[in-house]
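Okay, here's what each chain looks like letter by letter:
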Amino acid sequence: MENRYEFEKRFKEQILKCSRCGFCQAVCPVYGATLRPALNARGKMLILKEVMEGKIDLTEDLVESLFQCTTCASCSINCPSGVEVPEILKIARKDLVKEDISHPAFKGMAKVLEQYSNIYGEDEEEDFGKQKGGRAENIFFIGCVGRYREDEATEANLELLDRLGVDYTLIEEACCGGVLEDVGYSINKRLVDYNIKTITETGARTLITGCPYCWRTFKNREEYAPLRDKGIEIVHISQFFSRYEFDVKTDKRVTYHDPCDLGRHSSIYDEPRETLTRITSDFVEMEHHHQNALCCGAGGGVRGAYPKNSIQMARRRLKEAEDTGAEIIITECNSCLHNLSNARLRKQKFRILNTAQFILELMDS
Ligand code: SF4
Ligand code: SF4
């Protein structure tokens, strides 16, 4: 049978390689929250196999299964057959969107980004009281969640950069656009061109991102190759801070949540831990960590599209954090900070911070 869809052309062999072993079920946060087999990686691969066999079509009925995925990559990391589930789903979602089928939240996001330069459709640009667009050695690129939802975490990053005497500037940012690729749409050229032009005009040699997703997008997407071709180094803020010594110590118990975008997708596991373990004498890991860390439930647009399930996924992660007895949970992704903070139960007394907030508190105590 002729391939009807792009996902078949690109991933037919991979989908057929799925042996239905079910190893992915135990690690899928969406399955953990819903207990619905159609929503784990195996279920999604079975559905796509049936589409390839012509038994079912890509219709509205498949939106929930194919769009409800945080793209956490827990399944692909644990898959003995090497099935790259999140990559397959990205293309299957594009096939759905070509048929004008999507989740309303993602349709809305794509529309917003045609008009605005942030995913929330906010008119007012956040003012962190810093220089924007001047010439500097470094740019700190905040990202949408840090600009509009997690401003305290962003203020801490800026304050710590100031105290370290880093020569940096902010810019009038546009969304990096990467998230569109995850939810069935294509990266927006208007935003890309604007960012490349604005970043280049500062003359900066290093682009420090506050968001792991922006890091992935600038580092890997073909559209942003001109930045890399100019020799601009792209580092995540957790990597940047790990280059410094901080004259602070504590014996508070601290644990670290690996964001999927920073960990499994980018292999940045060590640098955030290097900074933390130089500061606290009581650093502990959660039961699942590094490449096996549980997802916070925010990724792949799931926080916006399936908020109840997203919070449930975050609660599962917070339970593991609670079990460590840690006073402080550190994470280095504003989406994780946002979702974990929203999901925290009143009885859970630990605090959820980024590294800069943690260091500043110790500096000022
Ligand atoms: S772990 Fe891989 S091979 Fe096994 S069911 Fe899941 S996707 Fe299929
Ligand atoms: S990427 Fe994560 S959420 Fe999506 S199917 Fe795999 S394990 Fe489940």
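Quick caveat: nothing in here was measured; it's all calculated off a predicted structure.

1. Structural notes on the domain arrangement of the protein
Many analyses report the size of an interface as the accessible area lost when the parts associate. As far as domains go, the protein holds domain 1 (6-101), domain 2 (138-241) and domain 3 (250-364). Measuring from the centre of the C-alpha atoms in domain 1 to the corresponding centre in domain 3 gives 27 Å. At the interface, 14 residues of domain 1 touch 16 residues of domain 3. Contributions of two or more residues to the side of domain 1 that touches domain 3 are made by helix H2 (29-34) and helix H5 (74-78).

2. Looking at the site of ligand 2
Not every one of the 17 residues close to ligand 2 is listed here, only the nearest: Cys28, Ala41, Cys69, Cys72 and Cys75. Here the shell around ligand 2 is composed, by residue class, of 12 nonpolar, four polar and one charged.

3. Thoughts on the site of ligand 1
Around ligand 1 there are 15 residues in total, and Cys18, Cys21, Cys24, Arg42 and Cys79 lie nearest to it. Per-element tally for the shell around ligand 1: the top contributor is helix H3 (residues 41-52), with three residues. Per-class residue counts for the shell around ligand 1 are 10 nonpolar, three polar and two charged.

4. Considering the sheet that holds strand S7 (residues 328-331)
On the basis of which strands lie adjacent, the open sheet formed by four strands has the order S6-S5-S7-S8 and parallel pairing. Of all strands in the sheet, those bounded by a partner on one side alone are strand S6 (280-284) and strand S8 (351-353). Each neighbouring strand pair of the sheet contributes to a mean axis angle of 35 degrees, computed without reference to strand direction. Examined bridge by bridge, S7 and S8 share three bridges and lie parallel to one another. Looking at the pairing, Ile329 lines up with Ile352 of S8. Where helix H19 (residues 355-364) meets the sheet, its contacts fall on strand S5 (250-257), S7 and S8, and the angle it forms with S7 comes to roughly 135 degrees.

5. Considerations on helix H9 (residues 151-163)
Compared with an ideal rise of 1.5 Å per residue, which puts 13 residues at 18 Å, H9 spans 18 Å between its outermost C-alpha atoms and is within 8% of the ideal. Among the residues of H9, Ala153, Thr154, Ala156, Asn157, Leu160 and Leu161 are the ones counted as buried. Angularly, the buried residues of H9 cover 160 degrees about the axis, an arc narrow enough to put them on a single face. Opposite the packed face of H9, turned more than 90 degrees from it, sit the exposed residues Glu152 and Asp162.

6. Digging into the sheet that holds strand S2 (residues 168-169)
In space, the four strands of this open sheet follow the order S2-S1-S3-S4, with parallel pairing throughout. Edge positions in the sheet fall to S2 and strand S4 (233-236), since each of these pairs with one other strand and no more. Relative to strand S3 (residues 206-209), strand S1 (residues 138-141) is paired through four bridges, and the arrangement is parallel. Within the sheet, the bridge partner assigned to Asn138 lies in S3 and is Thr206.

7. A closer look at the packing of H9 against H19
Between two packed helices, the angle of one axis relative to the other and the distance separating the axes together describe the packing. Axis separation between H9 and H19 bottoms out at 8 Å; the angle between their running directions is 60 degrees. Here H9 lies oblique to H19, going by the angle between them. Both H9 and H19 take part in a crossing whose hand is left-handed. Each of Ala153, Ala156, Asn157, Glu159 and Leu160 in H9 lies in contact with H19, whose residues at this interface are Ala356, Gln357, Ile359 and Leu360. A class-by-class count of the residues in the contact of H9 with H19 yields six nonpolar, two polar and one charged.

Reading the values: rules and limits
Residues numbered from 1 in each chain as written. Chains lettered and ligands numbered in written order. Predicted model: local features only at pLDDT ≥ 70, side-chain atom pairs only at ≥ 80, totals over all residues. Domains from an automatic or database assignment. Contact = placed C-beta atoms within 7 Å. Helix = DSSP H or I, 4+ residues; strand = E, 2+ residues; numbered from the N terminus. Near = placed C-beta within 6 Å. Nonpolar A, V, L, I, M, F, W, Y, C, P; charged D, E, K, R; others polar. Pairing = 2+ DSSP bridges. Axes fitted to C-alpha atoms, helices over the stretch in contact; angles between N-to-C directions. Expected span 1.5 Å × (residues − 1). Buried ≥ 20, exposed ≤ 12 C-beta atoms within 10 Å, placed from the backbone. Arc of directions from axis to C-beta. Parallel < 35°, antiparallel > 145°, perpendicular 65-115°, else oblique. Left-handed = near helix turned anticlockwise from the far one by under 90°.

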